[in-house]
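The lines below spell out each chain.
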Amino acid sequence: MPEEDIPILPPLRVSANGRYLESPAGSPFFWLGDTAWELFHRLDREQGRRYLRNRAAKGFSVIQAVCLAELDGVETPNAEGELPFEDQDPARPRDAYFALVDQAIDESARLGMYVGLLPTWGRYWAAGGPYDRPIFTPELARTYGRYLGLRYGQRPVIWILGGDRHIASEQERAVLLGMAAGLREGDGGRNVLTFHPRGPGRSSEAWPDAALLDFNLCQTSHAARQHDPGLSVSAEYTLEPPRPVIDGEPRYEGIPVGFYNAGSTPHDRFDDRDVRTAAYAALLAGACGHTYGHNSVWQMWEPGRTPIIHANTPWIEALDHPGAFQMGWLARLWRSRPWHCLQPAPDLVLNAPREGPGAIRAAFSADPALAFVYTPDGLAFSLNLRRFRAPRLRASWFDPRYGVLYPFHTMPNFAHQTFAPPGVGRPQDWLVVLEDAEGGAPLELFSTHCRRQNDRPVERPPDG
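A brief report on the enclosed structure follows. Quick caveat, the model's predicted, so the values are computed rather than measured. (Residues numbered from 1 in each chain as written. Predicted model: local features only at pLDDT ≥ 70, side-chain atom pairs only at ≥ 80, totals over all residues. Heavy atoms only, no water.)

## A word on the sheet that holds strand S3 (residues 28–29)
The strand order across the open sheet formed by three strands is S1-S2-S3, and the pairing between neighbours is antiparallel. Every interior strand has two partners, whereas the edge strands, strand S1 (13–14) and S3, have only one. The pairing of S1 with strand S2 (residues 21–22) spans two bridges and is antiparallel. The residue of S2 that forms the bridge with Val-14 is Leu-21. (Pairing = 2+ DSSP bridges. Helix = DSSP H or I, 4+ residues; strand = E, 2+ residues; numbered from the N terminus.)

Written out as structure tokens, the structure reads:
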């Protein structure tokens, strides 16, 4: 693609209050990520375009991908037959390999998406696991980081160190510090940087002084459904000084539940409802966006390849599994309101569970003029409407399964009101939007017509 045809996406920065990412002009950036770890390694140019166009059409804004991929990314050539280094030497990168990375990043930019760029998966700097094969010294890491910083520093990238490993020694920490220094030398400090820990984990635990990171990243991972996926984000949100936080690897659609536990079975897999509850829990706990993942997509699995963690759907089909559509509808709702003004508000919710996987979470704007309240199991809850500034409130149910907003009531802002969702029990999760009846976002941002997903009609909830 000619360079003049590539849109210039501005580098992101941290907002003044430390709660979200924004453009240099101050426009809040809502992170909707997808884990495409093997994008640069297993897809050719046309396959990469197909993947990226699919994600852009669904509303994704960040593609998380790895230069030195997990699945033998140093030893096995990419889809065009190229290896990243001469003789596996990080000081001798091969431009022919990184040309495919160039193409994917530029195509992402053309589609309006940033790339969350991991220089390497953790197996190439860590030494604690059976699949680890470290190739970096601190000096080599700095050299390699500088190469990437010079090559991609003026492109729309977000640096993500780590790659699913804990830091187990001072030598490993020195390697990562060297890589970060090289990236900064190459890009002049232009792009924000974070760390992807092993799950379940938090970047702030890996780097407790926080000096290296611009924002924090969790991996809540792929454990049991009984886990509360908002806990890690809540913990990060309370830290000082405040930093934006993202759940950068939650439970994937299609991955076996607790795949690493003895006795786990590939027949019990996380589904779209599990994906949704993780996303809404994280956002209402204070995240400034969310990352989605699919077990077949991250590894770009297709028949003929060895499936990792029981992948069973060709990646090209898995792109359109329900959860990916539903993440786009979530992002559409958040972007339609001043989401960056929302703050976690557990005390807003009354007569409802506040802990565990069924916790009903709320976020409230500082105005206070807007509230989102999510019930993962369709349980009723009460709110003290006196907390709102507007004299009259408009209430709408948002159906996370189909992305439809149903206005159902306007009411004065007094007394306690109980809200009973249109359905109860799995998978009847619902979110109520409460806003100023006169000054809220226009409803025409959402269609109230029947929408279809995989040819399944939407059932309208009853009025009231």
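## Some thoughts on the sheet that holds strand S21 (residues 430–436)
Strand order in the open sheet made by the six strands is S13-S15-S16-S21-S18-S19, with antiparallel pairing throughout. At either margin of the open sheet sits one strand with a lone partner, and together these are strand S13 (342–344) and strand S19 (404–412). Taking the axes of each pair of neighbouring strands and ignoring which way they run, one obtains an average angle of 20 degrees across the sheet. Relative to S21, strand S18 (residues 392–399) runs antiparallel, the two being bridged by six bridges. By the bridge assignment for S21, Ala-395 is matched with Leu-434. (Axes fitted to C-alpha atoms, helices over the stretch in contact; angles between N-to-C directions.)

## A short note on the packing of helix H2 (residues 45–58) against helix H3 (residues 95–110)
With their axes 10 Å apart at the nearest point, H2 and H3 run at an angle of 30 degrees to one another. In this view, H2 runs roughly parallel relative to H3, as classed from their interaxial angle. Our pair here, H2 against H3, has a crossing hand that is right-handed. Mapping the contact onto sequence places Arg-45, Arg-49, Leu-52 and Arg-53 in H2 and Ala-99, Leu-100, Gln-103, Ala-104, Glu-107, Ser-108 and Arg-110 in H3. Here the residues of the contact of H2 with H3 are counted per class, giving four nonpolar, two polar and five charged. (Parallel < 35°, antiparallel > 145°, perpendicular 65-115°, else oblique. Left-handed = near helix turned anticlockwise from the far one by under 90°. Contact = heavy atoms within 4.5 Å. Nonpolar A, V, L, I, M, F, W, Y, C, P; charged D, E, K, R; others polar.)

## Structural notes on the pattern of salt bridges
Under the defined criterion, the tally for this structure stands at 36 salt bridges. For Arg-94, the salt bridge is made with Glu-82, and the minimal N-O distance between the two is 2.8 Å. Taken together, the residues Arg-94 in the loop between strand S5 (62–68) and H3 and Glu-82 in the loop between S5 and H3 connect sequence positions twelve residues apart. If you follow the salt bridges from partner to partner, you end up with Arg-225, Asp-268, Asp-271, Asp-274 and Arg-426 in one network. (Salt bridge = Lys/Arg side-chain N within 4 Å of Asp/Glu carboxyl O.)

## Digging into the packing of aromatic side chains
Scanning all chains against the criterion turns up 20 aromatic pairs. For the pair Phe-29 and Tyr-114, a centre-to-centre distance of 5.2 Å together with 75 degrees between the ring planes defines the contact as edge-to-face. Here Phe-29 is found in strand S3, whereas its partner Tyr-114 is found in strand S6 (residues 114–120), with 85 residues between them in sequence. Assigned by exposure class, Phe-29 and Tyr-114 land together as buried. Ring pairing ties together the aromatic residues Phe-381, Trp-397, Phe-408, Phe-419 and Trp-430, which thus form one cluster. The ring centre of Phe-60 lies 5.2 Å from the NZ or CZ of Arg-55, which sits over that ring. Over the aromatic face of Phe-325 sits the side chain of Lys-58, whose NZ or CZ is 4.3 Å from the ring centroid. (Phe/Tyr/Trp six-rings, centres within 6.5 Å; stacked < 30°, edge-to-face > 60°. Buried < 20%, exposed > 50% of the residue type's maximum accessible area, 1.4 Å probe, protein only. Lys NZ or Arg CZ within 6 Å of the ring centre and 35° of its normal.)

## What about the nonpolar core?
Core analysis: the biggest nonpolar cluster contains 133 residues, and Leu-39, Tyr-51, Trp-334, Phe-419 and Leu-431 have the highest contact counts within it. By residue number, the principal contributor to this core is helix H11 (residues 322–336), which donates seven residues. Other than its neighbours up to four places away in sequence, Leu-431 contacts Tyr-280, Leu-284, Leu-333, Trp-334, Phe-372, Val-373, Tyr-374, Ser-396, Trp-397 and Phe-398. (Core = buried A, V, L, I, M, F, W, Y, C linked by side-chain atoms within 4.5 Å.)

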